[in-house]
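# Structural features, examined
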Amino acid sequence: ITSSWGDEGSMEFAHFEGTYNFKLRRDNDAERTLDVDASLVEGQMNIYIGVNGEKDLLLTVKGGESYDQTIVLDSKYSNERTIYVILESVGKCVNGDFEFEYN
């Protein structure tokens, strides 16, 4: 199950393998932060930030881990109204729940 609207995106799954992209757009002045709420039962998921065809690794979530944090993005994202959050599994992932909000 995926959802993406404006500055928020989410994905919840029983089984996932591959790549999924969220296009997040903020309307106000940049705080350069990304709120991340993520959990995974099995597997490994890499979370990247993408802008202008380039991507940077933001976080790796491994089976049994969960995160609920606000991440301050690198200054190169200061003027970016739109970013991509890219989820890439390393093999098969089981029971994942990922939520993002771009501020």
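In what follows, the structure referred to is the one given above.
Residues numbered from 1 in each chain as written. Predicted model: local features only at pLDDT ≥ 70, side-chain atom pairs only at ≥ 80, totals over all residues. Heavy atoms only, no water.

### Considering the nonpolar core
What counts is decided by this rule: Only buried residues count toward a nonpolar core, which is a set of Ala, Val, Leu, Ile, Met, Phe, Trp, Tyr and Cys residues joined through side-chain atoms within 4.5 Å. Residue burial is assigned from relative accessible area. The probe radius is 1.4 Å, only protein chains are included, and a residue is buried under 20% of its type maximum, exposed over 50%, and partly exposed in between. Only DSSP runs of H or I covering at least 4 residues are called helices, and only runs of E covering at least 2 are called strands; the numbering of each starts at the N terminus. The contact rule is simple, with two residues in contact once any of their heavy atoms fall within 4.5 Å.
Core analysis: the largest hydrophobic core is formed by 25 residues, its most contacted members being Leu34, Ile83, Val85, Phe98 and Phe100. Contributions of two or more residues to this core are made by β2 (8–16), β3 (19–25), β4 (33–42), β5 (44–51), β6 (54–62), β8 (82–89) and β9 (93–102). Every residue in contact with leucine 34, bar those within four places of it in the chain, is listed here: Leu24, Ile49, Leu58, Gln69, Thr70, Ile71, Leu73, Ile83, Val85, Phe100, Glu101 and Tyr102.

### So, the packing of aromatic side chains
By convention here, two paired aromatic rings are described through the distance between centres and the angle between planes. Threshold: Two aromatic rings from Phe, Tyr or Trp, using only the six-membered ring of Trp, form a pair when their centres are within 6.5 Å; if the ring planes differ by under 30 degrees the pair is stacked, by over 60 it is edge-to-face, and anything between is tilted. Charge-over-ring contacts are defined here by two conditions on Lys NZ or Arg CZ: a distance within 6 Å of the ring centre and an angle within 35 degrees of the ring normal.
Within the structure shown, the criterion is met by four aromatic pairs. Between phenylalanine 13 and phenylalanine 98, the ring centres sit 6.1 Å apart and the planes meet at 15 degrees, which makes this aromatic pair stacked. On the criterion of sequence distance, the pair formed by phenylalanine 13 in strand β2 and phenylalanine 98 in strand β9 is long-range, its members being 85 residues apart. A residue is classified by how much of its surface remains accessible, and phenylalanine 13, at 10% relative accessible area, is buried. Taken together, a centroid distance of 5.0 Å and an interplanar angle of 65 degrees make the contact between tyrosine 20 and phenylalanine 22 edge-to-face. Judged by its relative accessible area of 1%, phenylalanine 22 falls in the buried class. Here lysine 55 stacks its cationic end above the ring of tyrosine 48, 4.3 Å away from the centre of that ring.

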